[in-house]
Amino acid sequence: MTCFVDTDQKPYCSCVDECFPEEDEEYYVCDTSNVTHHSECEFYRIKCVDETMGDVELDYFGRCEEQKACMEDEMEEYPFRMRDWFSKIMKQMAEWDEEDGGLTDPEKEIEKEAEKDRAPYMRPAYWKFQKLDIDPVDGYLNFRELVELRAPLQHLEHCTKPFLERCDADNDGLIHVEEWADCLLLE
């Protein structure tokens, strides 16, 4: 969807007319109704023009396929992999310039302090929660906010979606920061 302001200073939006398909299938999009779209642009274009797609969301990147079941032992080790991954991502991003997608100076300080902590995964895990909590900033993660985390991982880590669903302990469709901490086994 593209939005504009008309000559009377009133906003209006229109759907994108055409999208180019991605050549690499890893950039295809599987939506929550298990339909494969040939690009993220195409998914959002169809969602814009088709009113029946209102509740359909981007599920993960890649062609839709049967997801392997996540076994209980995999689910038990998943929080450790996830929080280690957050630490590694934060450490890597601390080396980049902010204008290249790196951390801000205050975030770099958080990363430095995390390395000194008894549990160095704690600060990066809370940092990631804060980075995801954007629409609205309310101390909860909704399905849409989790797309940034879930969509690129699900194809590689089949336990991602069930893990995040389990994080929503009270089944209200939101993950509160306390549920996030419990789910990632933060002390």
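Please read these numbers as outputs of a predicted model, since none were measured by experiment.

A. Helix H3 (residues 105–116), seen in detail. In a regular helix each residue adds 1.5 Å, so 12 residues correspond to 16 Å; H3 covers 17 Å between its end C-alpha atoms and thus fits that length. All of the buried residues in H3 are Glu107, Glu111 and Ala114. The buried residues of H3 occupy one face: seen down the axis, they fall within an arc of 60°. In H3, the exposed residues that point more than 90 degrees away from the buried face are Asp105, Pro106 and Lys116. Where H3 is buried, its residues contact helix H2 (72–94) and helix H4 (122–132).

B. Structural detail: the packing of H2 against H4. Two numbers describe how H2 lies on H4: the axes approach to 8 Å, and their chain directions differ by 80°. As summarised for this structure, H2 and H4 are arranged roughly perpendicular, according to the angle between their axes. Of H4, the residues touching H2 (which contributes Phe86, Ser87, Ile89, Met90 and Met93) are Pro124, Ala125, Trp127 and Lys128. A class-by-class count of the residues in the contact of H2 with H4 yields seven nonpolar, one polar and one charged.

C. Local environment of the environment of isoleucine 46. Position of isoleucine 46 among the secondary structure elements: in helix H1 (residues 40–49). For the pair isoleucine 46 and aspartate 17, spaced 29 residues apart in sequence, the C-alpha separation works out to 9.7 Å. Once you skip the residues sitting within four places of it in the chain, isoleucine 46 turns out to touch His37 and Met53.

D. Layout of the sheet that holds strand E4 (residues 36–37). Taken in spatial order, the three strands of this open sheet run E4-E3-E5, and their pairing is antiparallel. Strand pairing shows two members of the sheet lacking a second neighbour, E4 and strand E5 (58–61), which therefore form its edges.

About the thresholds
Residues numbered from 1 in each chain as written. Predicted model: local features only at pLDDT ≥ 70, side-chain atom pairs only at ≥ 80, totals over all residues. Heavy atoms only, no water. Helix = DSSP H or I, 4+ residues; strand = E, 2+ residues; numbered from the N terminus. Expected span 1.5 Å × (residues − 1). Buried < 20%, exposed > 50% of the residue type's maximum accessible area, 1.4 Å probe, protein only. Arc of directions from axis to C-beta. Contact = heavy atoms within 4.5 Å. Axes fitted to C-alpha atoms, helices over the stretch in contact; angles between N-to-C directions. Parallel < 35°, antiparallel > 145°, perpendicular 65-115°, else oblique. Nonpolar A, V, L, I, M, F, W, Y, C, P; charged D, E, K, R; others polar. Pairing = 2+ DSSP bridges.

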